[in-house]
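Coordinate inspection notes
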Amino acid sequence: MPTFSPTQTTENLASQLRRLRRSNRAQRVASEGSARELVLVAFAVPAAALVVLAVVVLTVLLMAGSGLTGLGTAVASCWLAIHQVPVTISGVTIGVLPLLPTIVVAAATGRFAAAAARSRDTVSELLAVVASAVAGPVLITAMSLAVVMDGTTVLPIQSPNPLLAFVYTLLVHVAGAVGGVVWSRRGDLTVRWGISTTDRRGIRMGFAAVLLLLTVSGVLVTVRLVMRHSTLGELIETGNGFDGYVGLTMLSLMYLPNLMVGALAVLVGSDAHVGTATFGLSAVHGGPVPPLPVLAALPDPPGLGRAGLIGFVVPLAIAGFVAWRCRDLDPRANVRSVGVAAAVAASIVAVLTWMAGGRLGEFGDVG
């Protein structure tokens with residue numbers, strides 16, 4: 001029979017206690033690290049955005065010689081504008097807000113969410129990442145609404161609709177966070193959700209179709225700006241000074257994605273309009289437009305006429321490319337891939353066109 005000495009029993013008990021302490025310490029460190037990571041996901045993007053906004057607004061106020069009065073209200077209003085919340089100044093509502101800052105903020109949220117999701121496996125942990133990515137911005141939006149309401153006595157700005165502000169903030173950051181999580185765990189999620197190879201191919205080519213259309217639209221806008229460089233220079237000169245030139249240039253860059261979305265809409269056969277002015281491939285109807293330098297790319301009436309119909313070749317070529325990449329020996333799988341690609345591309349373009357439009361004061365609706 002085996003025998004156990006008191007010394008061996010004491011050593012075994014001591015080693016077990018040491019292992020238990022190390023395990024508890026490791027779990028505590030992992031839990032603290034996870035909490036810190038979630039806090040970073042929640043507040044890193046809002047903090048960076050507020051710092052940039054504060055620097056930009058402070059620079060503008062100092063260059064304009066206005067002092068620091070209304071600095072907090074201006075920063076809070078810019079935070080809301082980044083999330084496409086319409087801004088009303090002196091009774092004039094600006095609903096067409098630049099897409100570039102919104103895209104940057106959503107992409108940054110997705111980047112932090114993707115990094116946090118890589119070390120998590122369960123659905124509850126991934127949902128915690130998404131919830132953290134949304135909680136921080138929503139809190140900043142609540143504070144911004146309070147600051148704007150308090151600052152209406154200092155600046156001629158009206159408080160926006162709180163429900164609309166929260167909904168838009170949620171949409172921007174939920175889209176970024178979910179996109180980041182899905183991208184980082186796409187392999188596991190496709191297996192867990194049972195997404196077939198056919199559907200994955202369709203989703204991939206739907207995104208590719210939108211990227212190709214936006215690329216062509218960006219090239220067209222750039223070519224138009226080069227062709228209209230004299231008009232572009234004249235509009236920039238309306239800034240009346242170095243700070244005005246820089247401001248108009250930066251504002252034009254931020255509105256460049258809006259113009260690219262409008263060009264995409266025109267390419268696929270729709271019309272883009274700025275108030276009463278409408279722009280299409282075959283015809284252009286004039287009307288008053290804002291003196292924003294980037295709008296120098298807009299064509300003049302009567303447009304390109306029948307020659308503009310050549311623009312239909314671009315979406316047809318992209319559609320043909322997508323159909324070719326979705327080819328399959330099984331006709332049903334082929335049709336399914338093309339259908340999924342079309343649905344994904346149409347959904348993305350619909351969201352982009354909705355975000356790129358809105359009310360523009362006395363000019364009317366833009367979209």
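Residues numbered from 1 in each chain as written. Predicted model: local features only at pLDDT ≥ 70, side-chain atom pairs only at ≥ 80, totals over all residues. Heavy atoms only, no water.

Some points on the packing of helix H3 (residues 99-117) against helix H5 (residues 162-184)
Our working rule: Axes here refer to lines fitted to C-alpha atoms; in helices the fit is confined to the stretch in contact. Angles between the N-to-C directions go from 0 to 180 degrees. The way it works is that DSSP assigns letters per residue, a run of H or I at least four long becomes a helix, a run of E at least two long becomes a strand, and they are numbered from the N terminus. Just so you know how the angles are binned, under 35 degrees is roughly parallel, over 145 roughly antiparallel, 65 to 115 roughly perpendicular, and the rest oblique. Put simply, a crossing is left-handed when the front helix is turned counterclockwise from the back one by less than a right angle, and right-handed when it is turned clockwise. In this description, contact between two residues means that some pair of their heavy atoms is separated by no more than 4.5 Å. Polar here means any residue outside two lists: the nonpolar Ala, Val, Leu, Ile, Met, Phe, Trp, Tyr, Cys and Pro, and the charged Asp, Glu, Lys and Arg; Gly therefore counts as polar.
For the pair H3 and H5, interaxial distance at closest approach is 7 Å and the crossing angle is 40 degrees. With respect to their mutual orientation, H3 and H5 come out oblique. When you trace H3 past H5, the crossing you get is right-handed. Residues Thr 102, Val 105, Ala 106, Thr 109, Gly 110, Ala 113, Ala 114 and Ala 117 of H3 pack against Val 172, His 173, Gly 176, Ala 177, Gly 180, Val 181 and Ser 184 of H5. Partitioning the contact of H3 with H5 into residue classes produces eight nonpolar, seven polar and no charged.

What to know about a positive patch on the surface
Applied cut-off: To count toward a patch, a residue needs a relative accessible area above 30% and no salt bridge. Like charges then connect within 9 Å, nonpolar side chains (Val, Leu, Ile, Met, Phe, Trp, Tyr) within 5 Å. The protein chains shown are the only cover counted for residues, whose accessible areas, like all others here, come from Shrake-Rupley with a 1.4 Å probe. In what follows, salt bridge is the name for a side-chain nitrogen of Lys or Arg lying within 4 Å of a carboxyl oxygen of Asp or Glu. Charge convention: Lys and Arg are scored as positive, Asp and Glu as negative, and His as well as the terminal groups of each chain are ignored. For this purpose, a charge sits on NZ of Lys, CZ of Arg, CG of Asp or CD of Glu. Burial classification: accessible surface area is computed with a 1.4 Å probe over protein chains only, and a residue below 20% of its type maximum counts as buried, one above 50% as exposed, and the rest as partly exposed.
Residues Arg 200, Arg 204, Arg 325 and Arg 327 make up a contiguous surface patch of positive charge. Examined against the element boundaries, Arg 204 turns out to sit in helix H7 (residues 197-227). Here Arg 204 falls in the exposed class, since its relative accessible area comes to 52%.

Examining unusual backbone geometry
Of note in the backbone geometry, Gln 84 takes a positive phi value of approximately 65 degrees without being a glycine. Relative to the helices and strands, Gln 84 resides in the loop between helix H2 (71-82) and strand E1 (87-89). For Gln 84, a relative accessible area of 9% translates into the label buried.

Quick notes on the sheet that holds strand E2 (residues 92-94)
Stated formally: One bridge is not enough; two strands pair if DSSP finds at least two bridges between them.
The three strands are arranged E2-E1-E3 in an open sheet whose pairing can be described as antiparallel. Pairing within the sheet leaves two strands with one partner each, and these edge strands are E2 and strand E3 (157-158). In this structure, E1 lies alongside E2, joined through three bridges in antiparallel fashion. When the sheet's bridge partners are listed, Val 87 is paired in E2 with Ile 94.

Notes on the nonpolar core
Condition: What is meant by a nonpolar core is a set of buried Ala, Val, Leu, Ile, Met, Phe, Trp, Tyr and Cys residues, joined one to another through side-chain atoms within 4.5 Å.
Within the largest apolar cluster, 19 residues are counted, with the highest numbers of intra-cluster contacts made by Val 221, Leu 225, Leu 259, Phe 279, Val 294 and Leu 295. Every element with two or more residues in this core is listed here: H7, helix H9 (242-267) and strand E5 (277-279). The element best represented in this core is H9, accounting for three residues. When near neighbours in sequence (up to four residues on either side) are disregarded, Phe 279 contacts Val 266, Ser 270, Asp 271, Ala 272, Val 274, Val 284, Leu 298 and Pro 299.

Considerations on the side chain of Thr 109
Tracing the backbone shows Thr 109 in helix H3. Judged by its relative accessible area of 3%, Thr 109 falls in the buried class. Contact partners of Thr 109, with chain neighbours within four places excluded, come to Val 45, Ala 133, His 173, Gly 176 and Ala 177.

Topic: the environment of Gln 158
Structurally, Gln 158 can be placed in strand E3. On a C-alpha basis, the gap between Gln 158 and Val 148 in space is 7.7 Å, while along the polypeptide they are ten residues apart. With sequence-adjacent residues up to four places away left out, Gln 158 is seen in contact with Thr 88, Gly 91, Val 148 and Thr 152.

Quick look at the pattern of salt bridges
Applying the stated criterion across every chain yields a total of six salt bridges. Measuring nitrogen to oxygen at the nearest pair gives 3.6 Å for the salt bridge that ties Asp 300 to Arg 228. Residue Asp 300 is located in the loop between strand E6 (284-285) and helix H10 (313-325), and its partner Arg 228 is located in the loop between H7 and helix H8 (229-237); the two are separated by 72 residues in the primary sequence. The salt bridge involving Asp 330 is made with Arg 332; its shortest N-O contact spans 3.9 Å.

Notes on empty space enclosed by the protein
The condition that has to hold: Any residue with an atom within 4 Å of a point lines the site, the site being either a cavity, points on a 1 Å grid over the protein atoms alone where a 1.4 Å probe fits but cannot get out, or a pocket, an open set with protein on both sides within 12 Å along at least 5 of 7 lines. Grid points are joined across faces, edges and corners, and a volume is the space filled by probe spheres set on the points.
What the rule picks out here adds up to one cavity of 30 Å³ or more. In this structure, the largest cavity is lined by Ser 77, Leu 80, Val 85, Pro 86, Val 87, Thr 88, Val 148, Ile 157, Gln 158 and Pro 160. Broken down by secondary-structure element, the contributors of at least two residues to the lining of the largest cavity are H2, E1 and E3. Among the residues making up the lining of the largest cavity, the classes are represented as seven nonpolar, three polar and no charged.

Re the layout of surface pockets
One number sums up the size of the second largest pocket: a volume of about 1,900 Å³. Surrounding the second largest pocket, 47 residues form its lining, Ala 175, Gly 176, Gly 179, Phe 207 and Ile 348 being those nearest its centre. For the lining of the second largest pocket, the element with the most residues is H5, which contributes ten residues. Of the residues that constitute the lining of the second largest pocket, the class distribution is 31 nonpolar, twelve polar and four charged.

Digging into the environment of Val 147
Checked against the element boundaries, Val 147 lands in helix H4 (residues 123-151). Look at Val 147 and you get partly exposed, because its relative accessible area is 34%. The residues contacting Val 147, other than those within four sequence positions of it, are Gly 72, Thr 73 and Ala 76.

Quick word on the packing of aromatic side chains
Each aromatic ring pair is described using two quantities: the centre-to-centre distance and the angle formed by the ring planes. Formally: Put simply, two rings from Phe, Tyr or Trp (the six-membered ring, in Trp's case) pair if the centres are within 6.5 Å, and we call them stacked under 30 degrees between planes, edge-to-face over 60, tilted for the rest. Note on criteria: charge over ring means Lys NZ or Arg CZ within 6 Å of the ring centre, with the direction from the centre no more than 35 degrees off the ring normal.
For the structure shown, the criterion picks out one aromatic pair. A cation over a ring is seen here: Arg 186 above Trp 183, with NZ or CZ 3.9 Å from the ring centre. Seen from the ring of Trp 324, Arg 327 lies directly overhead, with NZ or CZ sitting 4.3 Å from the centre.

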